[in-house]
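Each chain, written out:
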Amino acid sequence: VQLVESGGGLVQPGGSLRLSCAASGFTFSGYAMSWYRQAPGKERELVASISSAGGSRNYADSVKGRFTISRDNAKNTVSLQMNSLKPEDMAVYYCAVDYRARRYWGQGTQVTVSS
């Protein structure tokens, strides 16, 4: 299993970023996917998840209405569109999948929200 995130960077408060995660090594369309984040000194937290076919999505209360998770099963990718970014959204964002009783993580991508 390999998960590779991209799309992080520096953005001003109120701005937008789109993160992507390219997955390989498993049957992508058969598994739910998630985005997590970890800020300095804090525990890793679930941001959003999407079911295998994309019909069900869940969000942390802190990002509801601002973030949108989506997936493209033809391209084996999952994305996180982040709008109206706030300084408290600054963190390393990770893509994750639970596959065969183990949670796999990508290497993470840094999102910095600062003026």
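Everything here concerns the structure above.
In every chain, residue numbers begin from 1 and rise along the written sequence. Side-chain atom pairs in this predicted model are given and counted only at pLDDT of 80 or more, local residue features only at pLDDT of at least 70, and totals for whole chains, interfaces and linings cover all residues. For the side-chain quantities, the full set of heavy atoms in the structure was used; hydrogens and water were omitted.

A.B. asks: Before we move on, can you summarise the overall build of the protein chain with the specific residues and values?
C.D. replies: Strands are runs of DSSP state E lasting at least two residues, helices are runs of H or I lasting at least four, and both sets are numbered from the N terminus onward. Secondary structure assignment for the protein chain yields zero helices and 11 strands. Put simply, the protein chain runs from its N terminus to its C terminus through helices and strands in the order β-β-β-β-β-β-β-β-β-β-β. Taken against the 2.2 N^0.38 rule, which gives 13 Å for 115 residues, the C-alpha radius of gyration of the protein chain at 13 Å falls within 12% of a compact globule. In terms of overall dimensions, the protein chain has a C-alpha envelope of 40 × 25 × 20 Å along the principal axes. Residue exposure (1.4 Å probe, protein chains only): buried if accessible area is under 20% of the type maximum, exposed if over 50%, otherwise partly exposed. Across the 115 residues that make up the protein chain, the buried fraction comes to 41%. Contact criterion: two residues are considered in contact whenever any of their non-hydrogen atoms come within 4.5 Å of each other. Partitioning the contacts of the protein chain with sequence separation of at least 6, the portion at a separation of at least 24 is 52%. Radius of gyration: C-alpha atoms only; globule rule: 2.2 Å multiplied by the number of residues to the exponent 0.38.

A.B. asks: An account of the nonpolar core is requested, with residue identities and associated values reported.
C.D. replies: Side chains that are nonpolar tend, in soluble globular proteins, to be buried together. By size, the foremost hydrophobic cluster in this structure holds 30 residues, and its most contacted members are L3, M33, W35, V78, L80, M82 and Y93. Where this core is concerned, the elements lending two or more residues are β3 (17-24), β4 (33-38), β5 (45-50), β7 (67-72), β8 (77-82), β9 (91-99) and β11 (109-113). Of the residues forming this core, the biggest block, five residues, is contributed by β9. In this text, buried Ala, Val, Leu, Ile, Met, Phe, Trp, Tyr and Cys residues form a nonpolar core when linked through side-chain atoms within 4.5 Å.

A.B. asks: How would you summarise the packing of aromatic side chains if you had to cite specific residues and measurements?
C.D. replies: Two aromatic rings from Phe, Tyr or Trp, using only the six-membered ring of Trp, form a pair when their centres are within 6.5 Å; if the ring planes differ by under 30 degrees the pair is stacked, by over 60 it is edge-to-face, and anything between is tilted. For the structure on display, the rule yields seven aromatic pairs. Where F26 meets F28, the ring centres are 6.2 Å apart and the plane angle is 50 degrees; that geometry is what we call tilted. In this structure, F26 and F28 share a single accessibility class: buried. Ring-over charges, as used throughout, are those where CZ of Arg or NZ of Lys falls within 6 Å of the ring centre and within 35 degrees of the ring normal. Lying across the ring of W105, R44 places its NZ or CZ 4.4 Å from the centre. One cation-aromatic arrangement involves R71 over F28; the distance from NZ or CZ to the ring centre is 4.3 Å.

A.B. asks: I'd like a rundown of the environment of A22, residues and numbers included.
C.D. replies: When you line up the elements, A22 lands in strand β3. As a C-alpha pair, A22 and V78 span 56 residues in sequence and 6.9 Å in three-dimensional space.

A.B. asks: Any details on unusual backbone geometry? Residues and values, ideally.
C.D. replies: In this structure, S84 takes a positive phi of about 50 degrees despite not being glycine. For S84, a relative accessible area of 39% translates into the label partly exposed. One non-glycine residue, A101, lies in the positive phi region at around 70 degrees. Examined against the element boundaries, A101 turns out to sit in the loop between β9 and β10 (102-105).

A.B. asks: Lay out the sheet that holds β3 in plain terms, naming residues and giving numbers.
C.D. replies: If you walk across this open sheet you meet the four strands as β1-β3-β8-β7, and the pairing is antiparallel. Each edge of the open sheet is held by one strand with a lone partner, namely β1 (2-6) and β7. Strand-to-strand, the axes of this sheet are offset by a mean angle of 15 degrees, without reference to chain direction. By the bridge criterion, six bridges tie β3 to β8 in an arrangement that is antiparallel. For R18, the partnering residue across the bridge sits in β8 and is Q81. Two strands pair under a simple rule: DSSP has to find at least two bridges between them. Think of each axis as a best-fit line through the C-alpha atoms, taken over the contacting stretch in the case of a helix, with angles from 0 to 180 degrees between the N-to-C directions.

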